Amino acid sequence: MTNIPETGRNTRVQTRLVVIQILVLSLLATLGGRLWYLQVRQGDEYAAEASGNHVQQVVQPAPRGSILDARGVALADNETRLVVSASRTDLLKMRDDGDAVLTKLAGVLGMAPQEVKEKVRLCDAKTPQPCWNGSPYQPIPITDEATPKQALQIRERAEDFPGISAEPMAVRRYASPGGSNTAQVLGYLSPVTDEEITKAEDTDSPFLRSDQVGRSGLERQYDKALRGKAGVTRYEVDNLGRVIGQAEADPGVPGSQLVTSIDARVQRVAEYELNEAMKAARNEFDRNTGTNYKADAGAVVVMEAKTGRVVAMASNPNYDPNAWVGGISAKDYKKLTGKDSDYPLLNRAIQGQAAPGSIFKVVSSAAAVEAGYDFDGSYDCSSSYSVGNQVFKNFESANNGPISIGRALELSCDTVYYRLAHDQWKKDGGINPKKPHDYFYKAAHQFGLGKETGVDLPNEVTGRVPDRQWKKDFWQANKDAWCKTGKKDGSYVEKLAYENCLEGNKMRAGDSINYSIGQGDTLVTPIQMATIYAAISNGGTLYDPSIGKAIVSPDGKQVEQIKPHAHGKLPISKATLGKFDSALAGVATRGTAAWRFGGWPQDKIPMHAKTGTAEVYGKQTTSWFATYTKDYSIVMTISQGGTGSGASGPAVRNIYDALYGAADDGKIDNKKALLPHPQAGLPKIKADGTIPAPKMSKDIVKDLQPDEKAEDEDEYAPVDDQQQGATPPTQNTGQNRDTRRRQRRTARRRRVA
């Protein structure tokens, strides 16, 4: 026996030890298995990922391709500027989110601190412009107009400007050659967004965070070709960020050049004439409203008649697209989008919709012939036409007696079209037809109205043909409001709502009558009407209007020509088309446009025209002037500008004078002619891919301006598109130049010869 206590293990302790040993062995086995899996089974994959963690990529943006006019003159290209940028990532690491640095930077750049801070904030639904809508991880440009002194200050005092860089960069330049603007046609650029990057990931043209993309105009339409492909160089770096080697490099590809059908010289003349016409209209008194015309917007299209190529396209008001380069300021953004801006970003040539007035009568004339009415038949051009208690008057109650459809076009006689449309409406079954032919509405669709023309510009609008289906859809959408506000004996608007509530889904006699002269609910765009009048000129082919003419690769070895494309034919026989041609020539020589084409060399360059003055409820009349020769179609419109020939006529005549080198007395000076024949070929492309441009003066309009000012008129001015009273003399009456000038509009501006 011993006094030492027994310390042997009991059964419970032994069990616990076994369990612990099993757990330890299990954990060791699990860790070992996982280690084998990571290092052996997945070793190569994780080694590659680890290597990727030590690769940094440097992006070299691709130079964006130039946009050239038909002769090779640059409308948009690139230039090197000193760009000051801020890294939002670096600024947010600071205690005050970079506020002090941005304030100091503003002092160096001569900008307001608030303006600088606004440029680096991110855009969202609650943040107004200016703001940054690109990637938050990309350097944000503050200004692209830094001076060398400012850039040197920033670079030499880098410790005072953390997150700020000042580097020479290639930036977009909108050159305005010859004084041309071309803003709405060219469009503008802005940084790519994260959403756009994500959407384009699996496409053949993915975005990089440094990319600038087209937001409107040709910059957007041809963005993929113009943008090119940025170069990316990947460097191996150690854990301290030091470069230890180059992993790989993807060379950049510069953007292609876009050759357009625009002629910068004609573009400048078109812009100038449109602006001058609007200024002149604002000096004219409107008897209907008791005020001067507002002439608040306008557009003009110059188109090649045989191809649909656009030679000039002007929209007013316009803007300077360079305002977007390097980020737009709050002041400039308000000018472009504010309530008082008249919205210059709109391209009114393709986005401006208005009732066409009498230039629509070519559609109604074609519809009447298709319906069986004789083009050379006799139709009463009375002073008015009555339907029930409603009287539809001819303009100024002119009464010209029985005339043909051709003469009705020349004089723009409304009552002839009232009768034709109303008679056909009755033949179709009146207010409750069973199987109406609807010739007048079908003709509009066949002429290409109510849909896009296919012009190679984004966001074109369709206009509107108010046919039976449109009436039903519109009534369905608005009947509740009409029935709520309409009153049988109320104001004009209330009466109209009352009538629409009862039968707004039906085609009434008044609807067809108003429609026949381009009034009522009909809407068209200038590009649509230019396409139609070009088709009348070329024998009936409706072409897609086009601006892009060719895409030229950076090295010049690949040239992708953009051929004209037709989308339809006018519903007019050759014989009838010939009669249309004669009637529209009559408009220019003895009809409503004759007073604007006095002295025109009609024997050498036959001119054809149609004037239009459209009424708009609550506004002043819209001026329309549609014309064509064998080479070109020109259509101009001025919102709240007055009559067709009165407001738009002189400007259109001046554009033709510039194209053909025509003088007031009918003589043609080929040396002054800008483009007497459309340019068929492309500009010369050198072996290295460059396209040399011809010399351009600073302002082509000043070069073409005559030495003398046009004389003031005018005791007599012939009546306009609906003023059928007197027939103006033709160019063959023996009048001299001074006599013709006196018959032009009061206080006419200096002409472009």
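Residues numbered from 1 in each chain as written. Predicted model: local features only at pLDDT ≥ 70, side-chain atom pairs only at ≥ 80, totals over all residues. Heavy atoms only, no water.

A. Highlighting the overall build of the chain. Broken down by element type, the chain carries 25 helices and 25 strands. Sorting the 753 residues of the chain into buried and exposed places 51% on the buried side. By sequence separation, contacts in the chain at least 24 residues apart represent 71% of the contacts at least 6 residues apart. Accessible surface computed for the chain: about 35900 Å², of which carbon and sulfur atoms make up 50%. (Helix = DSSP H or I, 4+ residues; strand = E, 2+ residues; numbered from the N terminus. Buried < 20%, exposed > 50% of the residue type's maximum accessible area, 1.4 Å probe, protein only. Contact = heavy atoms within 4.5 Å. Areas by Shrake-Rupley, 256 points an atom, 1.4 Å probe, with all protein chains shown as cover.)

B. Examining helix α19 (residues 492-503) more closely. Between its first and last C-alpha, α19 extends 17 Å over twelve residues, near the 16 Å set by a 1.5 Å rise per residue. Listed in full, the buried residues belonging to α19 are Ala497, Asn500 and Cys501. Looking straight down α19, one finds its buried side chains confined to an arc of 105°; they lie on one side. Exposed residues pointing more than 90 degrees away from the buried face of α19 are listed as Tyr492 and Leu502. In this fold, the buried residues of α19 make contact with α18 (468-485). (Expected span 1.5 Å × (residues − 1). Arc of directions from axis to C-beta.)

C. Region of the structure containing the packing of helix α17 (residues 439-446) against helix α20 (residues 509-516). The N-to-C vectors of α17 and α20 enclose an angle of 40°; their axes lie 11 Å apart at closest approach. In this view, α17 runs oblique relative to α20, as classed from their interaxial angle. Seen along the crossing, α17 lies across α20 with a hand that is left-handed. Of α20, the residues touching α17 (which contributes Phe440, Tyr441 and Ala444) are Asp511, Ser512 and Tyr515. Considering only residue class, the contact of α17 with α20 consists of four nonpolar, one polar and one charged. (Axes fitted to C-alpha atoms, helices over the stretch in contact; angles between N-to-C directions. Parallel < 35°, antiparallel > 145°, perpendicular 65-115°, else oblique. Left-handed = near helix turned anticlockwise from the far one by under 90°. Nonpolar A, V, L, I, M, F, W, Y, C, P; charged D, E, K, R; others polar.)

D. Just empty space enclosed by the protein, in detail. Taken as a whole, this structure holds six cavities of 30 Å³ or more when the rule is applied. If you go around the largest cavity, the residues you meet are Ala421, Gln424, Trp425, Asp428, Asp438, Tyr439, Phe440, Tyr441, Arg468, Met507, Ser512 and Tyr515. Among the secondary structure elements, those contributing two or more residues to the lining of the largest cavity are α16 (414-427), α17 and α20. (1 Å grid on protein atoms, 1.4 Å probe; cavity = no way out; pocket = protein on both sides within 12 Å on 5 of 7 lines; lining within 4 Å. Points joined across faces, edges and corners; volume = space filled by probe spheres on them.)

E. Region of the structure containing the pattern of salt bridges. Under the counting rule described, the total for this entry stands at 28 salt bridges. With its nearest N and O atoms 3.6 Å apart, the salt bridge here joins aspartate 380 to arginine 419. A residue pair is termed long-range when its members are at least 10 positions apart, and aspartate 380 in strand β15 (residues 379-381) and arginine 419 in helix α16 qualify at 39 residues. Judged by relative accessible area, which is 32%, aspartate 380 ranks as partly exposed. Its salt-bridge partner being aspartate 657, residue arginine 653 comes within 3.1 Å of it at the nearest N-O pair. Linking arginine 653 with aspartate 657, this pair stays in helix α23 (residues 644-660), spanning four residues, or about one helical turn. (Salt bridge = Lys/Arg side-chain N within 4 Å of Asp/Glu carboxyl O.)

F. Structural view of the side chain of asparagine 316. Within the secondary structure, asparagine 316 is located in strand β14 (residues 310-316). Take asparagine 316: its relative accessible area is 10%, and that puts it in the buried class. Among the polar contacts listed, one links the side chain of asparagine 316 to the side chain of asparagine 275, at a separation of 3.2 Å. Discounting chain neighbours no more than four positions away, the residues touching asparagine 316 are Leu274, Asn275, Met278, Asp296, Ala297, Gly298 and Arg348. (Polar contact = N/O pair within 3.5 Å; in protein donor to acceptor, adjacent residues only side chain to side chain.)

G. The arrangement of the nonpolar core in detail. Judged by nonpolar contacts, the single largest core of 136 residues is most densely connected at Tyr533 and Leu659. At nine residues, helix α11 (residues 264-281) tops the list of elements feeding residues into this core. Residue contacts for leucine 659: discarding those within four places in its chain leaves Val266, Val302, Tyr632, Ile634, Ala673, Leu674, Leu675 and Pro676. If you look at the next biggest cluster of nonpolar residues, it comprises 22 residues, including Leu105, Ala106, Val120 and Ile142. (Core = buried A, V, L, I, M, F, W, Y, C linked by side-chain atoms within 4.5 Å.)

H. Representation of the state of the cysteines within the structure. Taken as a whole and assessed by the stated rule, the structure comprises three disulfides. Between cysteine 123 and cysteine 131 runs a disulfide, and the two sulfur atoms are separated by 1.9 Å. Disulfide cysteine 123-cysteine 131: torsion about the S-S bond near 100°, hence right-handed. Looking at cysteine 123, the relative accessible area reads 27%, which means it is partly exposed. Judged by its relative accessible area of 11%, cysteine 131 falls in the buried class. Sulfur-sulfur distance for the disulfide between cysteine 381 and cysteine 413 comes to 2.1 Å. Classification of the bridge connecting cysteine 381 and cysteine 413 rests on its S-S torsion, roughly 115°, and on that basis the disulfide is right-handed. In this pair, cysteine 381 is assigned in strand β15 and cysteine 413 in the loop between α15 (405-411) and α16, connecting sequence segments 32 residues apart. For the pair cysteine 381 and cysteine 413, a shared accessibility class is recorded, and that class is buried. (Disulfide = S-S within 2.5 Å.)

I. Inspection of the packing of α11 against α23 at higher detail. As a packed pair, α11 and α23 sit with axes 9 Å apart at the nearest point and diverge in direction by 160°. As far as their axial angle goes, α23 and α11 are roughly antiparallel. In this structure, the crossing between α11 and α23 has a hand that is right-handed. Listed contacts from α23 to Val266, Val269, Ala270, Glu273 and Ala277 of α11 are Ala647, Ala651, Asn654, Ile655, Ala658 and Leu659. Its residues assigned to classes, the contact of α11 with α23 comprises nine nonpolar, one polar and one charged.

J. The packing of aromatic side chains, seen in detail. Applying the stated criterion to the full structure yields 15 aromatic pairs. Here the aromatic rings of tryptophan 324 and tyrosine 333 are separated by 6.3 Å at their centres, their planes lie at 85°, and the arrangement is edge-to-face. Judged by relative accessible area, tyrosine 333 falls into the partly exposed class, the value being 26%. Between tryptophan 470 and phenylalanine 474 the ring centres are 4.6 Å apart and the planes differ by 15°, which places this aromatic pair in the stacked class. Residue tryptophan 470 and its partner phenylalanine 474 are located together in helix α18, separated by four residues, close to a single helical turn. Taking the relative accessible area as the measure of exposure, tryptophan 470 reaches 17% and is therefore buried. (Phe/Tyr/Trp six-rings, centres within 6.5 Å; stacked < 30°, edge-to-face > 60°.)

K. Molecular detail of a nonpolar patch on the surface. Together, Ile20, Val24, Leu25 and Leu28 give the surface a local cluster of nonpolar side chains, amounting to about 400 Å² of exposed area. Residue position: isoleucine 20 is located in helix α1 (residues 11-41). (Patch = residues over 30% accessible without salt bridge, like charges linked within 9 Å, V, L, I, M, F, W, Y side chains within 5 Å.)

L. Geometry of unusual backbone geometry. Put simply, asparagine 316 and proline 317 share a cis peptide bond, and its omega is 5°. Despite not being glycine, serine 176 has its phi angle at roughly 50°, a positive value. The topology assignment puts serine 176 in the loop between β5 (164-174) and α7 (183-186). Using a relative accessible area of 33% as the deciding quantity, one classes serine 176 as partly exposed. For threonine 182, which is not glycine, the phi dihedral falls at a positive 60°. If you trace the backbone, threonine 182 turns up in the loop between β5 and α7.

M. Broad picture of the pairing of strand β16 (residues 384-387). Sheet topology note: the β16/strand β17 (residues 390-393) ladder contains four bridges and is antiparallel. In the strand pairing of β17, valine 387 is matched with glutamine 390. Connecting β16 to the antiparallel partner β17 that follows it, the hairpin turn spans two residues, and glycine 388 within it adopts a positive phi of roughly 65°. (Pairing = 2+ DSSP bridges.)

What is shown is where atoms sit, not what they do.
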